[in-house]
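# A structural walkthrough
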Amino acid sequence: SVQAHKEEDNPQKTMEVNGLTPVPNSYDYDLIVIGGGSGGLAAAKEAAKYEKKVMVVDFVTPTPQGSSWGLGGTCVNVGCIPKKLMHQAALLGQALQDSRKFGWQFTEEVKHNWMIMTESVQNYIGSLNWGYRVALRDKKVTYENAYGEFVGPHTIKATNKKGIEKLYTAERFIIATGERPRYLGIPGDREYCISSDDLFSLPYCPGKTLVVGASYVALECAGFLAGLGLDVTVMVRSILLRGFDQDMANRIGEYMKEHGVNFIREFVPIKVEQIEEGAPGILKVTAKSTAGDQIIEGEYNTVLLAIGRDPCTRKIGLDKVGVNINEKTGKIPVNDEEQTNVPYIYAIGDILQDKLELTPVAIQAGRLLVRRLYAGATAKCDYVNVPTTVFTPLEYGACGYSEETAVEKFGEENIEVYHSNFWPLEWTVPSRDNNKCYAKIICNIQDNERVIGFHVLGPNAGEVTQGFAAAMKCGLTKEQLDSTVGIHPVCAEV
Amino acid sequence: GKNEYDLLVIGGGSGGLACAKEAAQFGRKVAVMDYVEPSPQGTTWGLGGTCVNVGCIPKKLMHQAALLGSAIKDAQHYGWNISQPVHHTWSVMAQGVQNYVKSLNWGHRVQLQEKKVKYFNVKGSFSDPHTVRGLTKAGKETVVTADNIVIATGGRPKHPMDVAGALEYGITSDDLFWLKESPGKTLPSFILYVSLECAGFLTGIGLDTTVMVRSVPLRGFDQASHISKKNQICFTTQQQMASLVTDHMESYGTKFLKRCFPTKVEKLKSNRLQVTWKNADLDTEETDSFDTVMWAVGRAPDTKTLNLETVGVKTNSETGKIIVDASEATSVPHIYAVGDITEGRPELTPTAIAAGKLLAQRLFGQSSELMDYDNVPTTVFTPLEYGCVGLSEEAAVQRHGSDNIEVYHAYYKPLEFTVAERDATQCYMKMVCLREREQRILGLHFIGPNAGEVIQGFALGIKCGATYPQMMKTVGIHPTCAEEVTKLHITKRSGLDATVTGC
């Protein structure tokens, strides 16, 4: 057995690392949350409301390129927030062009300065990191910037940047460690490629960029990089936006292609070499066709890998406490109350198996979980009809079934798809595409033509989709949709 | 029958055209009369009515021009380097807008032709309940008879009757969108959303704009109190949403002359206009000179020349609007009315279109569905847009009593404003709900960018009887402004700070 000492005021406890001896009666904390991201922080702050003694341990292992960040998790630092801001920067570039047709005059050539944008974005993120630390302090939640891992029942070890280890015990735990970008496992990937973890704080303009992947992360990044004036190529192994409605996915791809993004389809990189050092330097990428033996090469300043994300569950000592994970994916299966197979250990957010990887879902799950634990509530997280938006140059908002899954589940003869192209009024005067924006709803004929799927491709798709998602939660039918008057002139009225 | 047409529609605007085209779908013989009496300044336009020519469409496009002006400023914060100064040229914008409107006029004519609807560019007036006499600009007469007649002649801007020089020297929205040259330093006066929207975009494109308000901006829209920092709830008659909108406009550069009303407009030698007004608060008289004075004092139906008395169609003596029942029928059999000209209906394009279509379906398509005028969503396209659906807070209080309603509200900051360093003080939303168990949502109000896009979907929810718990069960889309609606949880009653803090 191993004796461990802590620096706290608590009486010393003896712990067995092998988990056989009974655990102590009183714990340091009511709740320890491992991971200070969207889900973790929401849960911690909620628990503090019920006067529970809560600790959050959050730690960011630097990327191969050395990038790191503060409290707040993926969304705040390397996800939703910087992504949307850079997307906005690209949209503003388009707005500048439109504005000329609306009578605005300024110099012909307008260039974008990456450093100014990135600095502004990072400053804002810094304010959010700070805000979270203050919020935790105000709510009396203990925060440790340390890497947490289980070492025995009810016990974690927290290792800070300097390598100092501390042990903490809690009655309950919530694992909310999220995910990190996946690497290809090919020569040169970790040395020379960057990921979304690096992009939003890149201290130099990425230049001519190759984006590897066809996830929403890949397309969103490729989209805004192109919008800022960079030469962008996307290398896709097979299909775009796997898991999303494929008709919509293809329309997004078409739009991006027509607006200057190059696509290399059915190829995967097999080697990345550095030709020239620099910030950025020049990289040579060798890729192989998935359909034959063809090999191609290309030179880029930056290679951005966006081929998927892997949960941070393999090195947090789950085996020490017996928490099951899906060995293949690393995800944690939970019941409908976010409980793992170990009764006092819960999990929320991106690491969950078969759940959506979205900030609002993690937040909702975290809050409701805590209310069930400490406030006697019974409400469970409702994962049905969760809306989402992909912030590609032409934005895509969706809620409910894709056309394929609806056909699969209900049968083609039992669903009706209503659809329409539309031309946003704001696009008329600058003569922007008049046949690209598109909306469709999928109805279940057997259930009163209930709207089971909503898809819109156009500006402000997120703002448009949110209300429809609320309506779908209320059981919206086609008849009710038809009888609702539109607001004119807006895109949503279509 | 002995009449030439199954249906004659007088007025080729949103309601009229929708009704005519729908009737034609049923294989009926349909005719449309449309005529634009030139404004006092001589402005006129083509087929399509107010919305297309001098309403929603040009308004939203010029609003967009102003928004793009803000976007140019924002862009610099996001790394775009644009050399100063940046100018706006009215004529480039006006031409772009006018060309688009003309394409719509053309489109409507083509559509009528394709659907075999006969179009007469004549000014109609009743001879008898089934006969309408139409006069062309040149005075040539056409007589049309029809089994059913729908009056959809809409409204035109009013001019103040008690201000000398108002008619000769002032313009209205009828003229603004067709100006070839910049209106320069402008005084749009008064109360309604039209003036605020116009003042908003005029300021946005760089013009020196002042709004003169007699009493209450946005009369008829939401009017409830503003929660004071000292956590008091007071339901006085102070506008809330309206004042947030005008506060934003003021911080944006529009000048307001509150509690003032003009007494005369005179032309100066320089061709500028001198306006004299009374300041009701200070009881003083003041003057200033402007390039343009625009009246936005309300709209009135143009029924004088219709000859309604001849056939006995009853109108409201105060407003002049045509009285109709729930099926859009007037007091005379086989004569109906839709759109802005009808009494007690919202003056909105989509309601006119929907009512027009449903009417045609009832007349010719064996339908019995009536138009539902409840919970019609709408948006005011001021620089900071205001979208709403359902009851205002005041109306809810009046109908149910303040003890029986709960108002959830929040001040939020659009993500895009952060890097752009824009002021989000007036970005605000509130949800008015019944307090009893189910907590049904009575009204939703939102001030912020893209308000129309945000509100539309929620309007559907309210049509489905959405409740507060259902709203809370809806997961938000992140990061958007609309998601804040699904997170509303601070009540006005609690008096707590309603500012949204972080994720």
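Keep in mind it's a predicted model, so treat the numbers as computed, not measured. Each residue is numbered by its place in its chain's sequence as written, counting from 1. Written order determines the labels here, with chains lettered from A and ligands numbered from 1. The model is predicted, so local features are restricted to residues of pLDDT at least 70 and side-chain atom pairs to those at 80 or more, both for listing and for counting; the totals for chains, interfaces and linings are taken over all residues. Calculated side-chain values reflect all of the structure's heavy atoms, with hydrogen atoms and water omitted.

### Things to note about the UniProt feature "binding site: FAD" (unreviewed entry) in chain B
- UniProt positions are given in the numbering used here, feature names are shortened, and annotations may be inferred rather than shown by experiment. Those residues carrying the UniProt feature "binding site: FAD" (unreviewed entry) are Lys60, Gly124 and Asp340 of chain B in this numbering. In sequence the annotated residues extend across 281 residues, and in space they extend as well, their farthest C-alpha pair lying 30.3 Å apart.
- Numbered from the N terminus, helices here are DSSP runs of H or I no shorter than four residues, and strands are runs of E no shorter than two. Locating Lys60 of chain B in the fold gives a position in helix α3 (residues 56–77).
- Contact definition: two residues touch when any of their heavy atoms are within 4.5 Å. With sequence-adjacent residues up to four places away left out, Lys60 of chain B is seen in contact with Leu425, Glu426, Pro489 and Val490 of chain A together with Phe381 of chain B.
- Side-chain atoms alone can form a polar contact between residues adjacent in sequence; in general such a contact is a pair of N or O atoms within 3.5 Å, and within protein one must be able to donate a hydrogen while the other accepts it. Within the structure, the side chain of Lys60 of chain B is placed 2.6 Å from the side chain of Glu426 of chain A, a separation counted as a polar contact.
- Of note, Gly124 of chain B is situated in strand β6 (residues 123–128).
- If we skip the residues at most four places from it in the chain, Gly124 of chain B touches Met33, Val132, Arg133, Gly134, Thr305 and Leu306 of chain B.

### Observations concerning the pattern of salt bridges
Residues and elements named next belong to chain A.
- In what follows, salt bridge is the name for a side-chain nitrogen of Lys or Arg lying within 4 Å of a carboxyl oxygen of Asp or Glu. The tally for this structure, following the rule as stated, stands at 49 salt bridges over all chains.
- The salt bridge involving Glu144 is made with Lys166; its shortest N-O contact spans 3.4 Å. Here Glu144, found in strand β5 (residues 142–144), pairs with Lys166, found in strand β8 (residues 165–175); they are 22 residues apart in sequence, far enough to count as distant.
- Classification of Glu144 by relative accessible area gives buried; the value is 17%.
- The partner of Lys478 in a salt bridge is Asp482, with the nearest N and O atoms 2.8 Å apart. Here Asp482 and Lys478 lie together in helix α14 (residues 478–482), a separation of 4 residues that amounts to about one turn.
- Bridged by salt links that share partners, the residues Asp245, Asp247, Arg251, Glu403 and Lys440 form one connected network. Relative accessible area decides the class of each residue, using a 1.4 Å probe on protein chains only: under 20% of the type maximum gives buried, over 50% gives exposed, and in between gives partly exposed.

### Some details on the UniProt feature "binding site: NAD(+)" (unreviewed entry) in chain B
- Feature annotation in UniProt places "binding site: NAD(+)" (unreviewed entry) on Gly298 of chain B, given in this structure's numbering.
- The exposure class assigned to Gly298 of chain B is buried, which follows from its relative accessible area of 11%.

### Some remarks on the environment of Arg100 of chain A
- Relative to the helices and strands, Arg100 of chain A is located in helix α3 (residues 80–101).
- Arg100 of chain A gets classed as partly exposed once you look at its relative accessible area, which sits at 26%.
- Each C-alpha atom, one on Arg100 of chain A and one on Pro206 of chain A, is 28 Å from the other, the two residues being 106 residues apart in sequence.
- Once residues lying within four places of it in the same chain are set aside, the contact partners of Arg100 of chain A are Phe106, Thr107, Glu108 and Val110 of chain A together with Val92 of chain B.
- Reaching out from Arg100 of chain A, the side chain makes a polar contact with the backbone oxygen of Phe106 of chain A at a distance of 3.0 Å.

### Thoughts on the side chain of Thr388 of chain A
- Inspection of the secondary structure assignment puts Thr388 of chain A in strand β20 (residues 388–390).
- Those residues in contact with Thr388 of chain A that lie beyond four places of it in its chain are Phe244, Leu358, Tyr396, Gly397 and Ala398 of chain A together with Ile477 of chain B.

### Some details on the interface of chain B and chain A
- Listed by partner, the interface residues are 77 residues for chain B and 78 residues for chain A.
- Put simply, buried area is how much 1.4 Å-probe accessible surface two parts lose in total, over both of them, once they are put together. With both chains or domains summed, chain B and chain A bury close to 6900 Å², and 69% of this area falls on carbon and sulfur atoms.
- Where chain B meets chain A, there are 3 salt bridges.
- Between Glu426 of chain A and Lys60 of chain B there is a salt bridge, and its shortest N-O distance comes to 2.6 Å.

### What about the pairing of strand β12 (residues 232–236) of chain A?
Residues and elements named next belong to chain A.
- Counting buried residues along β12, 5 of its 5 residues qualify, which places the element largely inside the surrounding structure.
- Residues Val232, Val234 and Val236 line one face of β12 and the alternating positions Thr233 and Met235 line the opposite face, and both faces are buried.
- At least two bridges found by DSSP between two strands is the condition for calling them paired. When strand β11 (residues 209–212) meets β12, the two strands line up parallel, connected through 4 bridges. When the sheet's bridge partners are listed, Val211 is paired in β12 with Val234.
- For a crossover, the right-handed case is the one in which the path from the first strand over the helix to the second runs clockwise, viewed with the strands pointing away from the viewer. With helix α7 (residues 216–227) bridging β11 and the parallel β12, this β-α-β connection has right-handed handedness.
- Pairing between β12 and strand β13 (residues 262–265): 4 bridges, direction parallel. Looking across to β13, one finds that Val234 is bridged to Phe263.
- Of the crossover connections in this fold, the one passing from β12 over helix α8 (residues 246–258) to the parallel β13 is right-handed.

### Some remarks on the nonpolar core
- In these notes, a set of buried Ala, Val, Leu, Ile, Met, Phe, Trp, Tyr and Cys residues joined through side-chain atoms within 4.5 Å is what counts as a nonpolar core. Among the nonpolar cores identified, the biggest contains 195 residues, and Ile174, Leu199 and Phe224 of chain A together with Met431 of chain B are the most heavily contacted of them.
- Among the elements that make up this core, the one with the highest residue count is α3 of chain B (10 residues).
- Each residue touching Phe224 of chain A, except ones within four places of it in the same chain, is listed here: Lys83, Met86, His87, Ala90, Leu199 and Phe200 of chain A.

### Considering the domain arrangement of chain B
All names here are of chain B.
- Per the domain assignment, the segments making up chain B are domain 1 (5–154 + 302–365), domain 2 (158–297) and domain 3 (384–494).
- With centres defined by C-alpha atoms, the gap from domain 1 to domain 3 works out at 32 Å.
- Taken residue by residue, the interface counts 6 residues in domain 1 and 7 residues in domain 3.
- Across the domain 1 to domain 3 interface the summed buried area is about 570 Å²; carbon plus sulfur atoms make up 45%.
- Summed over the three residues of domain 1 that lose the most area to domain 3, namely Asp74, His77 and Tyr78, the buried surface amounts to 73% of that side.
- Viewed at the interface, domain 3 and domain 1 are joined by 1 salt bridge.
- Across the pair Asp74 and Arg422 runs a salt bridge, and its minimum N-O distance is 2.6 Å.
- Counting across the domain 1 and domain 3 interface gives 4 residue pairs in polar contact (both at pLDDT 80 or more).
- Taken together, the residues of the side of domain 1 that touches domain 3 break down into 2 nonpolar, 3 polar and 1 charged. Where each domain starts and ends comes from a domain assignment, either automatic or drawn from a database. Charged means Asp, Glu, Lys or Arg here, nonpolar means Ala, Val, Leu, Ile, Met, Phe, Trp, Tyr, Cys or Pro, and polar covers whatever is left, Gly included.

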